[in-house]
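# An overview of the molecular structure
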There are 2 protein chains.
Amino acid sequence: MAQAAHAAARVPTSAIDERIDGALQHLRNPKVQAGVVLGSHARRAMSEFLHGRDFVEIPPVIVAPVTDPLNHPVSDPRVDYYGHDFQLTRSMIFHKQLATLAFEKVFCFSPNLRFEPLDRSGTGRHLVEFTQMDLEVRDAGRDDIMRLVEEMLTSVVSTVRSRAAPILQELGRTLPPISSRLRRVRYEDAQKEFGPSFELELSRRAKEPFWIIDIPLLEREFYDREDPKHPGFLLDMDLIYPEGYGEAISGGEREHELGRILERIRAKGQTPDEFRWYVEAARQGLPPSCGFGIGIERLSRWLGGLRTVEETTLFPKRIGAWSL
Amino acid sequence: MAQAAHAAARVPTSAIDERIDGALQHLRNPKVQAGVVLGSHARRAMSEFLHGRDFVEIPPVIVAPVTDPLNHPVSDPRVDYYGHDFQLTRSMIFHKQLATLAFEKVFCFSPNLRFEPLDRSGTGRHLVEFTQMDLEVRDAGRDDIMRLVEEMLTSVVSTVRSRAAPILQELGRTLPPISSRLRRVRYEDAQKEFGPSFELELSRRAKEPFWIIDIPLLEREFYDREDPKHPGFLLDMDLIYPEGYGEAISGGEREHELGRILERIRAKGQTPDEFRWYVEAARQGLPPSCGFGIGIERLSRWLGGLRTVEETTLFPKRIGAWSL
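Residues numbered from 1 in each chain as written. Chains lettered and ligands numbered in written order. Predicted model: local features only at pLDDT ≥ 70, side-chain atom pairs only at ≥ 80, totals over all residues. Heavy atoms only, no water.

So, about the packing of aromatic side chains. A full pass over the atoms with the stated rule returns 32 aromatic pairs over all chains. Ring geometry for Tyr82(A) versus Phe115(B): centroids 5.8 Å apart, planes at 40°, classification tilted. Of the two residues, Tyr82(A) is situated in the loop between strand S3 (78–81) and strand S4 (84–88) and Phe115(B) in the loop between strand S5 (105–113) and strand S6 (129–138); the pairing between them involves two chains. Classification of Tyr82(A) by relative accessible area gives partly exposed; the value is 24%. Between Phe94(B) and Phe222(B), the aromatic rings sit 5.9 Å apart at their centres with planes inclined by 25°, giving stacked as the arrangement. Here Phe94(B), found in helix H4 (residues 93–99), pairs with Phe222(B), found in the loop between strand S8 (210–213) and strand S9 (236–241); they are 128 residues apart in sequence, far enough to count as distant. Counting every residue linked through ring pairs, the aromatic cluster contains Phe94(A), Phe222(A), Tyr223(A), Phe275(A) and Tyr278(A). It is Arg183(B) that lies over the ring of Phe210(B); its NZ or CZ is 5.5 Å from the centre. Cation over ring: Arg186(B) sits above Phe233(B), and NZ or CZ is 5.9 Å from the ring centre. (Phe/Tyr/Trp six-rings, centres within 6.5 Å; stacked < 30°, edge-to-face > 60°. Helix = DSSP H or I, 4+ residues; strand = E, 2+ residues; numbered from the N terminus. Buried < 20%, exposed > 50% of the residue type's maximum accessible area, 1.4 Å probe, protein only. Lys NZ or Arg CZ within 6 Å of the ring centre and 35° of its normal.)

On to the nonpolar core. Grouped together as the largest cluster of nonpolar side chains are 193 residues, with contacts concentrated most on Met133(A) and Met133(B). The residues touching Met133(B), leaving out its near neighbours within four places in the chain, are Met46(B), Leu50(B), Phe107(B), Cys108(B), Phe109(B), Met152(B), Phe292(B), Gly293(B), Ile294(B) and Ile296(B). (Core = buried A, V, L, I, M, F, W, Y, C linked by side-chain atoms within 4.5 Å. Contact = heavy atoms within 4.5 Å.)

Here we take up the sheet that holds strand S9 (residues 236–241) of chain A. Residues and elements named next belong to chain A. On the basis of which strands lie adjacent, the open sheet formed by 8 strands has the order S1-S5-S6-S11-S10-S9-S8-S7 and mixed pairing. The strands lining the two open edges of the sheet, one partner per strand, are strand S1 (56–57) and strand S7 (184–186). Here 9 bridges tie strand S5 (residues 105–113) to strand S6 (residues 129–138), and the two strands are oriented antiparallel to one another. Of the residues in S6, the one forming a bridge with phenylalanine 107 is leucine 135. (Pairing = 2+ DSSP bridges.)

What follows is the structure, encoded as C-alpha cells:
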C-alpha cells in the first residue's frame, strides 16, 4: 500500500493532465450524459414501482465481515475495521437474506465493488464499481419473482419510453416492445443447441428479454437453492437482454437450512469458515426467500442502445486502469 | 491487515454466537424496523421531490483517488486499485462539483464511510457507514439552495406524516409542524449568546428546524466559498433539527476558481498535492455551484423521534466495534 502511494506520488503532472483530460472529456460527452440520464430515469422508475408495492428500501452495506463469494475469481481488498478484517461488498446477498427476518419485501440500490481480472476489461459489460438493485422476498418462489421482474421491466421500459423520449430520439434508439410474459429457456437445452457461448448467441438472436432457468449446480454460488425435484439443478433464473446486450438479472430461490448450506459450501470446495458470520446466522434460522439483482448500468446501456456500460456513468471505474 | 485476519480467526464460536445474537436481535427490534421503514419513506419522498424537479440522479462513487478531507480527524483506510492508492468515499463533494460540468442539477444517494475516532461512539448521531443524499446545483446561490431545502423538507415531512402515519403512531411520535421559511441564526451571534455548545443548546430549545449561517472560515473545509463581502466567513449554511437532534444538513456555495482553492487549501495547513486530482480538474475550470448533503439516518431518527441513528438501519456500523 505504501508502495502504491509512493508510485502515485511520482506520476508527473503532465500524466495527470492527460488522465484528467480524459475524465473530463468523458463526462462532457453527450452520449455519456444521455446514458446517465437514462440511468436516472431507471432508478426513479424502479423506486416508484417497488415503493408502490410496499417494498422497504434498506440502506446499502459497503464494508462487512462477509460478502458474496461470486462464482468467478475477483481480487479481495480488505479494510481494517477497528482491528477487524472486513471485505468490500461484492453483492448484498447475505445481508438481504438476513433482512427478510425483519421485512417480507426488501430492496436496495446497492453499490458493488468487484475487482475483476484484467481479461474482463474489454467486454463493455463490466465495471469495477456499479449499482445493483438487489431485492429479496420472504416465502416467495421463483415463479412469483419472475412475474415481479416481468412487471417491473414492463413498467420501467414504458416509463422511460415516455419520460425520456427526447433522449432516446437523440440516441436514435427505438426500444423493442416487451411481452408481459417472457420466454423461458432451459440452460441445458440452450447449451445443447448453441454450445458454450449460448448466452450471447441467444441474446444476439432475441428481440426481447428472455429467461434462462434450471442452471446446473456448480455453475453458480452455494446460496442458490437446489431443486429438490431435479437434483443437480438450481431453482434460479437469469434474465438476458436481447440484441446482444447479454445478462440483465441473476436471481433465484435461496438455500436457507443450515445443513443444506453447509453441504453446498463443501460441494464448491469452500469452507464454512470463509462464511462464518453467515453460517452462524443460518444456524439461528433463516426463512425461505427468493430474489434477484439487476445492474443499473447494464440496464441503462440496453435502454439507450449504448456501446458500453462506461457510457452510463460520469465516473466509470475501469478494470485495471486509473479512474476518477 | 494479516494480523487483523489472524485475530478474527481466533475468535471462539461462542463469541461469534453472542455477536450474531446481538445483530439478529437488533434487526428484529420493532423500534429499529420502524426506523428503517421511516428511512425508506424518506428516500422515496426525496427521490420523488428531486426527480419531479428534473434533477439527474447520478451513480454513487465508493472508491476514488480523492475524497472529502473533512474538518475533523478520521482514519483513512486505503484500497489498492490495480496498483493505485485509492480512498473510500467520505463524501462525494468533489465528484458532485465535477458533475455540474455535465448537468445543471445533480443528486445522489451516496454511501459515506467515515472511520470516526472512538470518542464519537456514544453520540447517538454517528455511524461509520451512512447514506448522505448529496446534491449540487450549477450557478445557484446560497439563498436558492436554502429555499430548495425548505421545500424539500416540507414535502418529505408531509409525505411521511401521511404515508407512515401508523408507524409514527406506534412510536408515539408527533412530528412538529414546519414553517415554509425557517429561521436563520448567524454563527457568531449564536456562539456569543450560548457559548461553544450553542448548536446543541439551540437545537434543544427549538421547536422546528433552523439555519446557522455565516460560519467562520477555519471551522469548515477549504471547498466552501468565502464571502467576498464578509472576509473570514463562508457562504455556507447548516440546518439544525429541533428537539436536541442536532445537525441535519451541511451545505454551501463552493470555491471554484483555482487561485482561491489553492489559497484556501494553504490556509488550512494542507497541501495541493493531497487533492491533486481535484486541483487539476479545477485548473481546467469548474463552474460556480452550491449544494448540500443530508444524512438519511439522522433524518429518519428525527422523523421517528428515535434515541440513536443505529435504530434507523438493520446493520448499523458502530464506531470501534465489530458490526455485521
